Structure formats: structure tokens, C-alpha cells
Amino acid sequence: MPPEADPAEHAPQHQHQLVVVANRLPVDSRTLPDGGNEWVTSPGGLVTAMESVMRNVASGAWVGWAGSPGTPPDPFEADGMSLYPVALSAEEIRRYYEGYSNATLWPLYHDVIVDPEFHRAWWDSYLAVNRRFGRAAAAVTAPGGTIWVHDYQLQLVPRMIRDERSDVRIGFFNHIPFPAVELFSQLPKRNSILRGLLGADVVGFQRESDALNFVAAVRKLLGYHVDGMTISVPGLGAAPMREVRAQTFPISIDTTAVSALSEDPQILERAAQLRRDLGNPDKIVLGVDRLDYTKGIRHRLKAWGELLDDGSIDPHDTVMIQVATPSRERVEAYKQLRDEVELTVGRINGEHAPIGRPAVSYQHHSFDRRDMTAMYMAADVVLVTALRDGMNLVAKEYVASRPDLQGVLVLSEFAGAADELRAAVMVNPHDIDELKAAILRALAMPPEEQEEAMRSLRHQVLEHDVQAWARSFLDRLEESDRPEERATPPARLTGDAPSDPEELDAALRAFADVPRLLIASDFDGVLAPIVADRDAVQPDDASLSALRDLSELPGVAVALVSGRALADLDAHTRMPSSVVLVGSHGAEVGALPPWMQAEVLDKSALVMSREKEELLASITTNLRRIARAHPGTEVETKPTAAVLHTRSAKGRGAINATESALEYAVTLPDVTVTPGKEVVEFAVIHTSKGVAVEALARASAADAWLYLGDDVTDESVFALLGGPDVGIKVGEGDTAAALRIDGPGAVRGVLERLLALRGEQS
Ligand code: ADQ
């Protein structure tokens with residue numbers, strides 16, 4: 001059982017104006033001489049950044065894991081912040097942290113340098129832990145406060161907080177890269193991740209390419225409208241659109257603190273001592289990394305080994321220090337990496353190290369900031385050869401440690417820092433020959449050239465420190481819409497897990513007991529699987545037959561409600577006259593059975609005027625033009641609407657065509673434009689499935705309605721349901737329905753069960 005301790009229960013509720021949510025709290029456990037335990041804060045870059053902004057708020061808090069399994073410590077105060085530890089069980093550490101976060105997301109987001117693993121139990125744990133973090137943050141934030149969620153371990157948290165607290169501003173910052181949509185698409189539950197992130201008002205990334213990749217994924221996989229870097233997230237039912245901003249905020253370091261250390265005479269002496277300890281080599285080359293396969297340590301050692309092998313470097317003159325901090329040691333890929341790195345270092349030293357001095361000094365442990373700065377000050381060259389890296393702070397720390405303007409930074413173009421540190425010696429670390437040449441060039445660089453490059457690098461790093469980074473993120477967040485001006489989307493279910501079968505059955509039993517019922521269902525994706533060729537749709541005969549039989553029972557009205565044109569729906573379902581057909585998202589209503597009070601249905605709003613006919617003709621012409629430019633897309637015409645279908649488009653054609661259609665839509669204020677699953681509908685009659693079903697419910701004097709739907713257009717019905725009504729969402733996605741089933745097969749089960757329950761009564 002996961003530990004369910006709620007950190008918020010110890011504290012006054014809703015009190016903090018600014019709440020940071022990150023996987024780890026900035027604390028470590030320390031064992032006392034008496035064997036007891038205490039928590040000490042471990043200020044890293046993020047804490048330092050937050051300190052400066054926390055000073056300007058009345059009350060700041062941090063929600064995160066304290067680093068040990070089981071019961072967490074009670075909330076406590078540190079550095080002017082309240083810390084709220086979140087519990088993780090040993091199993092959750094294995095599944096949520098080492099599993100989904102570090103063996104699924106981490107490799108996938110770093111361009112699949114090692115194969116990501118996918119396990120459903122890991123996802124379940126990720127979901128549960130994200131929910132715990134979200135709840136803890138929502139509980140301690142003041143009304144109208146700000147919550148800043150950090151990193152890939154917590155991508156579902158923004159959405160989860162939004163569902164509980166519509167009054168707060170939510171920001172998310174991704175510290176690692178965001179992959180290209182082609183890679184991201186591999187991720188099972190990818191849409192849940194995107195929807196999780198889109199709960200935020202601002203989603204921040206390290207580099208422009210990350211933000212662009214994210215926006216492309218949202219466009220392609222969710223079909224949402226994007227204007228530049230602003231994403232329009234549709235509200236459910238009657239709720240308005242929300243705007244979410246994707247933006248680049250390159251993270252930095254606490255430059256002032258590093259600069260101060262680099263001017264400390266004791267640290268200067270330490271740097272000199274380090275050189276003496278290494279036998280006074282002419283040159284020291286340094287690598288500092290977490291022992292992670294993304295950091296390119298193997299490539300670096302390969303290049304170094306070859307330079308020694310071919311005699312380009314003399315180990316009597318030049319020493320390499322490789323600091324490789326222990327990391328994620330229980331994850332298989334990391335164990336293998338450690339073995340390989342240590343084997344390579346052993347081989348290089350065995351073959352090249354002079355007696356009493358290493359060719360590579362390998363340090364597999366942590367250093368304090370003072371020692372780290374001394375190393376940077378002693379290093380003539382620092383090698384950052386990451387194969388993929390969100391930013392890479394080592395590069396910036398090195399630059400900030402060199403007020404003497406000496407030293408050369410060799411920097412991988414795949415590290416985020418490459419976008420800013422243009423004066424470094426840039427390298428593609430996959431190209432070992434290029435890497436070797438870059439190392440030699442760095443070692444041979446004349447002092448004046450070093451000075452020129454270092455001056456430019458320092459200008460960049462000193463101007464943009466981590467405090468400025470945090471402030472610019474929070475300022476941007478502050479500029480987003482005031483939360484209280486937005487209506488809350490009535491999402492009752494998020495994610496994609498089907499409802500508990502017992503809960504579903506209880507709802508059906510209660511519904512079947514109501515005297516007068518309306519049972520209405522969408523068609524495509526509910527009574528028939530979605531197919532590429534919409535004329536080849538194959539409805540589930542058993543579902544249709546159950547609906548037919550239900551419509552014969554006393555007190556039961558049945559309707560099929562579809563985006564298809566009425567005639568098309570009729571042709572594919574061949575329903576008897578006892579079943580009402582509603583086409584074109586409510587704009588076309590078929591014949592009503594005699595017992596329905598037809599006069600209740602107000603059709604006046606649905607009449608096509610001449611202007612509307614002309615408008616529809618011009619829309620059709622324009623959509624056809626778009627379709628011609630994107631092979632595989634096509635335009636369907638309906639009596640009151642024109643629809644662009646992109647299901648059969650090749651490659652990026654679907655995205656591009658949708659984009660063009662939505663751009664065109666902006667020019668049509670009086671047209672209802674509805675993006676759906678690989679379709680965009682332009683309707684000149686303002687109606688919705690919700691309006692139509694509500695009218696039918698009135699016409700049939702129903703005491704309760706049941707509605708089955710899978711598409712965003714069905715949300716207009718779900719949003720109207722309440723009390724005795726039953727809304728069932730078919731498939732994944734946030735919804736205003738209260739129940740979820742997974743596909744047309746389960747729909748058949750629901751309809752047959754209803755038939756059995758209601759049949760028993762008659
Ligand atoms: P990391 O992958 O951890 O961070 P990085 O940015 O290089 O990578 O930060 C490492 C930090 O650890 C540096 O501050 C470094 O000085 C420190 N460090 C490394 N070895 C150490 C040792 N042995 N002892 C003490 N300190 C050590 C993730 C992303 C990065 C992104 C950061 C911040 O992967 O791309 O830059 O978050 O957003």
C-alpha cells in the first residue's frame with residue numbers, strides 16, 4: 001500500500017501565495033551522532049532561484065519528496081519557506097520514479113539514446129503519485145495564488161490542480177528536452193501527458209526547439225488550434241476556451257554566488273593545490289557530469305583514449321579529471337553505463353598513466369561547491385559533450401568561475417546551453433574525429449583567443465542568472481488571464497481509465513428504474529469503430545439491434561445523434577421510425593414518432609436563409625481549395641455545414657490542412673467551427689448536439705437521459721447532464737461525463753444491459 005500521509009493535513013489550509021512543486025524537496029536526511037536523523041536543506045540552483053522570488057511574497061512553500069521511502073517527515077520551515085514532504089512508498093520509487101520517470105520518459109525525451117521501457121504498472125503509479133503531489137499543492141495554496149510545477153516527473157500535476165483549483169495560476173517548467181512529435185508519439189498515454197501539461201497557463205522550456213516540439217505535438221495529437229506559441233484549449237461543454245502559452249526560459253545559475261567563490265583566496269589556493277596534487281601538468285581537462293548516458297561520457301573517453309593512443313596528447317603534460325556523480329544506480333541502463341565507464345577509465349590508465357599520476361582521474365562522488373569551483377578554476381579546458389541535455393549547468397558554472405578570462409569551454413551543440421554560449425568551441429560529440437580535433441584546438445588555444453571567447457561567454461552568463469530566469473517565468477505567468485475571470489470547465493473525468501464496472505452497473509440500474517427515459521447515442525466511434533473511409537463504416541449490429549428493441553419499450557425514447565448528415569446517418573443505420581435521427585450536430589432532426597410532442601422542438605433557428613446558403617457555398621469553395629493542397633484530405637458537404645476530413649492525409653498533411661482550415665476560420669465570425677477527431681466542421685446554423693438532445697428530452701417528457709459519446713462535440717450534451725442522468729464517455733480524454741467505457745464493444749454491453757434491465761419491468 002502506498003503511504004497516504006497528506007502533508008497538507010498538518011498545516012493551515014490554503015495559506016501560501018507561491019507554491020513550488022518538484023519531485024524532490026531541497027533537503028537531505030543527515031544521521032546525527034546519536035543515531036537519530038535530521039533534515040538539512042541542500043540548496044541547489046532551483047532553491048537559490050526561488051529564494052530571491054520568495055523574498056517578495058508574503059508566504060512561499062515547496063511541495064516535494066524528501067528522498068526516503070515510507071512515512072515522510074512533518075512539514076517544516078527552512079530558508080523562509082514552508083516545506084511539505086510528499087510520501088513515496090518503496091514500490092512507487094521503483095515504478096513512478098525509477099520506472100516511468102527515469103526508464104520511460106527520460107530516455108524518450110533525450111532522443112532515445114537508450115531504449116525507453118513501457119510498463120502499464122509504471123504508468124498507474126505515475127498517475128497516483130502525480131495525483132498526490134497535485135492534491136498536496138492544491139491544499140496549501142492561497143486563493144488566487146500561484147503554483148509552479150517542475151519537470152518531467154510531474155507532467156500530469158498542472159491539469160490535476162486545475163480541476164481542483166480554478167482560482168490559481170499554474171506554471172510548468174520542463175528542465176529536460178521535449179522530443180520531436182515523431183518520437184513523442186511512441187509514448188503510451190501521450191495524450192494524457194499533453195493534457196496534463198495543458199492544465200498550466202504557461203508551459204516553459206529550455207530551448208526554442210523544445211517549445212516548438214511541444215506545440216507541434218499538441219497540434220498533431222490533440223488537434224488543438226495553435227497561433228504562434230499560444231494554444232487554444234477547448235473548454236468542455238459550454239466552458240470557454242483557455243489560452244495556454246508555450247515559451248522558452250533558458251535556466252541559469254546563481255552567478256553571484258559562483259563569482260564570489262571564484263574570488264575567495266582560499267579557493268584559489270585549493271585550485272593551485274589541485275594542480276600540484278596531479279603532478280603539475282601543463283594542462284588539466286575537466287568533465288563534470290551526473291553519471292548519465294545522456295552526458296556523452298563514453299564518447300568523451302573514447303576521444304581521449306584515441307588521442308593518447310595516437311600520441312596527440314602526452315599524459316606527462318596533460319591530465320583529465322572526470323567527475324561522474326553517482327546517479328539512478330538501480331536503473332539498469334545506469335548500472336551498465338557505470339561498468340563501461342569504469343572499464344574504459346581503467347584501460348586508459350593501465351595503458352597510458354605514468355607511475356604515480358593518472359591519465360584520467362576518475363571521481364565517482366560528490367564535491368561541495370567550494371571544491372567544485374576550485375576544479376573549474378584549475379581546468380584549462382572543460383568538456384561538455386552531452387548527446388542531449390536540457391541546458392547543462394556545468395557549462396555555465398565553468399564560465400562564471402573564470403573572472404581571469406582564461407580557460408576553454410568545449411560544448412556539445414546538443415546541450416541547451418549551445419543556444420546561448422555561442423563563443424564556446426562547438427562540437428558534435430557523435431563525431432569522434434571532430435571531438436578529438438576540438439579537444440586539441442582547445443588545448444592549443446592562445447591566451448588572447450581564450451580571453452576573447454571567455455569575455456563573450458561571461459557577458460551572457462552574468463547577464464542572465466537564475467534569479468532573472470525565475471522572475472521572467474513568474475512575470476509571464478502573472479500576465480496570463482486572471483483565473484477568476486475564467487469559467488471552470490466542468491471536467492468530471494480525466495485520463496483514460498474506464499469506470500469501475502460496478503459503479504457503471506449501479507448507474508444503469510438506477511437509470512432503468514426511472515419512469516420516462518431518453519437514451520441517445522453518438523454514432524461514429526460509439527456504435528461503430530472509427531474507420532479511415534467514412535462510407536465504409538461498419539456499425540455494431542448487436543448495438544443497433546439493442547437500440548431498436550429499447551425504442552419499442554414503453555416510456556423509452558431513443559435517438560441517434562451524429563455529426564453526419566441526416567441522410568447519411570439514415571443510410572448507415574436503417575433504424576425504424578421509433579428511433580429519432582439527429583444529423584449535422586443537431587442542425588437536422590428527422591421525423592419524430594407520433595407520441596413525441598413535436599411542437600416542443602423549435603426548428604425556427606434551424607432554417608437556412610439565402611445568406612446562409614451563400615455563406616456555406618463560399619466556405620465549401622475555400623475548404624476545397626485547402627483540400628486540394630493537401631492530398632488525402634476531402635470536403636464533405638451537408639445541408640447546413642461543410643466538413644474538412646483529414647483522416648486519410650499523408651505525413652504532416654493532416655496537421656497542415658487543419659492549421660489552414662483554422663486560420664481560415666478566424667475570418668468567419670458567424671460560423672460555428674468545431675475541430676473534432678481528424679475533422680473540422682464549419683456550420684452556418686448555430687446549434688449543437690446538446691441543444692438538440694435537450695429539445696428531444698423535452699419533446700419526449702423524459703425524466704432522465706442517458707447519453708453515449710466519444711467526441712468533443714458530444715461534450716455539449718454531457719455538460720447538460722445532472723441528477724438522474726447518465727453520461728458515458730467512450731474512449732479517452734477529459735470529459736464532463738461521469739462514467740467512461742473504452743470502445744464500441746463496451747457500448748454494446750451497456751445497451752444490452754439496459755435492454756435487459758428495462759425489459760424485466762415491462
Ligand atoms: P542535470 O542533468 O542534473 O540537470 P546539469 O545541468 O549539468 O545536469 O546540472 C548538474 C549539476 O550538478 C551542476 O550544478 C553540477 O555542478 C552539479 N554536480 C555534478 N557533479 C557533481 C558532484 N560530483 N558534486 C557536486 N555537484 C555536482 C537537469 C537537466 C539539465 C538542466 C538542469 C537544470 O538534465 O539539462 O540544465 O536540470 O534545469
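The numbering scheme is per chain: residues are counted from 1 as the chain's sequence reads. In view of the model being predicted, local features appear only for residues whose pLDDT reaches at least 70, and side-chain atom pairs are presented and counted only at 80 or more, with totals across whole chains, interfaces and linings using the full set of residues. Note: side-chain values were computed over all heavy atoms of the structure, leaving out hydrogens and water.

1. A word on helix H4 (residues 157-164)
Note the following rule: Each residue is assigned to one of three classes by its accessible area relative to the maximum for its type, calculated with a 1.4 Å probe on protein chains only: buried under 20%, partly exposed between the two thresholds, exposed over 50%. A run of H or I in DSSP becomes a helix once it reaches four residues, and a run of E becomes a strand once it reaches two; helices and strands are each numbered from the N terminus. By definition in these notes, contact holds between two residues if any of their heavy atoms fall within 4.5 Å.
With respect to burial, H4 is a largely interior element, 6 of its 8 residues being buried. Those residues of H4 not exposed but buried are Val-157, Pro-158, Arg-159, Met-160, Ile-161 and Arg-162. Buried residues along H4 sit in contact with helix H3 (120-140), strand S7 (141-150), strand S8 (169-173), helix H6 (190-197) and strand S12 (242-248).

2. What to know about the pairing of strand S14 (residues 318-325)
Defined as follows: Strand pairing follows a simple DSSP-based rule, namely that at least 2 bridges must link the two strands. The handedness rule is simple: strands pointing away from the viewer, and a clockwise path from the first strand over the helix to the second, make the crossover right-handed.
Counting buried positions over the 8 residues of S14 gives 7, a clear majority of the element. The pairing of strand S13 (residues 283-290) with S14 spans 8 bridges and is parallel. Bridging across to S14, Asp-289 finds its partner in Ala-324. At this point the chain moves from S13, through helix H10 (residues 297-309), to the parallel S14, and the crossover so formed is right-handed. Where S14 and strand S15 (residues 360-363) come together, 4 bridges link them in parallel fashion. Within S15, the residue paired with Ile-321 across the bridge is Ser-361. In this view, the connection linking S14 to its parallel neighbour S15 by way of helix H11 (residues 332-352) has right-handed handedness.

3. Some words on a negative patch on the surface
For the record, the criterion: Patch construction takes residues with relative accessible area above 30% that form no salt bridge. Like charges are linked within 9 Å, and nonpolar side chains (Val, Leu, Ile, Met, Phe, Trp, Tyr) are linked within 5 Å. Note on areas: these come from Shrake-Rupley sampling with a 1.4 Å probe, and a residue is covered only by the protein chains present in the view. Throughout this description, the term salt bridge denotes a Lys or Arg side-chain nitrogen within 4 Å of a carboxyl oxygen of Asp or Glu. Residues counted as positive are Lys and Arg, residues counted as negative are Asp and Glu, and His and the chain ends are not counted. Lysine's charge is taken at NZ, arginine's at CZ, aspartate's at CG and glutamate's at CD.
A cluster of like negative charges, contributed by Asp-227, Glu-243, Asp-481 and Glu-663, occupies part of the molecular surface. Tracing the sequence through the fold places Asp-481 in the loop between helix H16 (466-479) and helix H17 (501-512). Overall, Asp-481 belongs to the partly exposed group, its relative accessible area being 42%.

4. A word on the environment of Leu-32
Considering the arrangement of structural elements, one finds Leu-32 in the loop between strand S2 (27-31) and strand S3 (37-41). A relative accessible area of 29% places Leu-32 in the partly exposed class. A sequence separation of 50 residues divides Leu-32 from Ser-82, and the C-alpha atoms of the two residues are 23 Å apart. Contact partners of Leu-32, with chain neighbours within four places excluded, come to Asn-37 and Glu-38.

5. Focus: the domain arrangement of the chain
Test applied: Delimitation of the domains relies on an automatic or database domain assignment.
As assigned here, the chain comprises domain 1 (7-252 + 471-479), domain 2 (255-460), domain 3 (501-606 + 687-759) and domain 4 (610-683). The centre of domain 2, based on its C-alpha atoms, is set 65 Å off from the matching centre of domain 3.

6. Things to note about unusual backbone geometry
Unlike most non-glycine residues, Asn-392 shows phi in positive territory, near 90 degrees. On the secondary structure map, Asn-392 appears in the loop between strand S16 (381-384) and helix H13 (393-400). On the accessibility criterion, Asn-392 (6% relative accessible area) is buried.

7. Regarding empty space enclosed by the protein
For the record, the criterion: Here a cavity is any set of points on a 1 Å grid over the protein atoms alone where a 1.4 Å probe fits but cannot get out, and a pocket is any open set with protein on both sides within 12 Å along at least 5 of 7 lines; a residue lines the site when it has an atom within 4 Å of a point. Grid points are joined across faces, edges and corners, and a volume is the space filled by probe spheres set on the points. In this count, Pro and Cys sit with the nonpolar residues alongside Ala, Val, Leu, Ile, Met, Phe, Trp and Tyr, while Asp, Glu, Lys and Arg are called charged and the others, Gly among them, polar.
Using the criterion set out here, one finds 6 cavities of 30 Å³ or more in the structure. A volume near 290 Å³ is recorded for the largest cavity. In terms of lining, the largest cavity is formed by 20 residues, of which the most central are Asp-524, Gly-563, Arg-647, Val-679 and Asp-711. Residue composition of the lining of the largest cavity, grouped by class: 3 nonpolar, 5 polar and 12 charged. Two domains each provide a minimum of three residues to the lining of the largest cavity, namely domain 3 (501-606 + 687-759) and domain 4 (610-683). For the second largest cavity, the calculated volume is near 110 Å³. What lines the second largest cavity is Trp-123, Leu-127, Arg-131, Leu-156, Arg-159, Met-160, Ser-192, Arg-195, Gly-196, Thr-494, Gly-495 and Asp-734.

8. Structural notes on the site of the ligand
Which entries qualify depends on this criterion: When at least one non-hydrogen atom of a residue lies within 4 Å of a molecule or strand, that residue is treated as near it. By the criterion applied in these results, polar contacts are pairs of N or O atoms within 3.5 Å in which, for protein atoms, one can donate a hydrogen and the other can accept it, and in which residues neighboring in sequence qualify only through two side-chain atoms.
Neighbouring residues of the ligand: 22 residues in total, closest His-175, Thr-325, Asp-389, Met-391 and Glu-397. In this structure, Arg-369 approaches the ligand through a side-chain N or O atom, which is 3.3 Å from an oxygen atom. At a separation of 2.4 Å, an oxygen atom of the ligand approaches a polar side-chain atom of Glu-397. Breaking the shell around the ligand down by element, the ones donating at least two residues are S13, S14, helix H12 (369-378) and H13. Here the shell around the ligand is built from residues that sort into 10 nonpolar, 7 polar and 5 charged.

9. Topic: the sheet that holds strand S24 (residues 641-645)
Two pairing modes exist for strands in a sheet, parallel and antiparallel, and in both the strands are linked by backbone hydrogen bonds. Applied cut-off: Between N-to-C directions, angles cover 0 to 180 degrees, with each direction set by a line fitted to C-alpha atoms, over the stretch in contact for helices.
The 4 strands lie next to each other as S23-S24-S26-S25, forming an open sheet whose pairing is antiparallel. Every interior strand has two partners, whereas the edge strands, strand S23 (634-637) and strand S25 (672-675), have only one. Going across the sheet, the axis of each strand differs from the next one's by a mean of 15 degrees, ignoring polarity. Where S23 and S24 come together, 4 bridges link them in antiparallel fashion. Residue Val-635 lies in a different strand from S24, and its bridge partner there is Leu-644.

10. Regarding the nonpolar core
For the record, the criterion: Among the buried residues, those of types Ala, Val, Leu, Ile, Met, Phe, Trp, Tyr and Cys that are joined through side-chain atoms within 4.5 Å form a nonpolar core.
Among the nonpolar cores identified, the biggest contains 95 residues, and Phe-133, Ile-193, Phe-214 and Ile-231 are the most heavily contacted of them. Counting residues per element, this core draws most heavily on helix H2 (residues 90-109), which supplies 9 residues. Both domain 1 (7-252 + 471-479) and domain 2 (255-460) contribute no fewer than three residues apiece to this core. Setting aside residues up to four positions removed in sequence, Phe-214 forms contacts with Phe-178, Leu-194, Leu-197, Leu-198, Val-203, Phe-205, Ile-231 and Ala-246. Membership of the second largest hydrophobic core comes to 65 residues, among which are Ala-271, Met-375, Val-382 and Leu-421.

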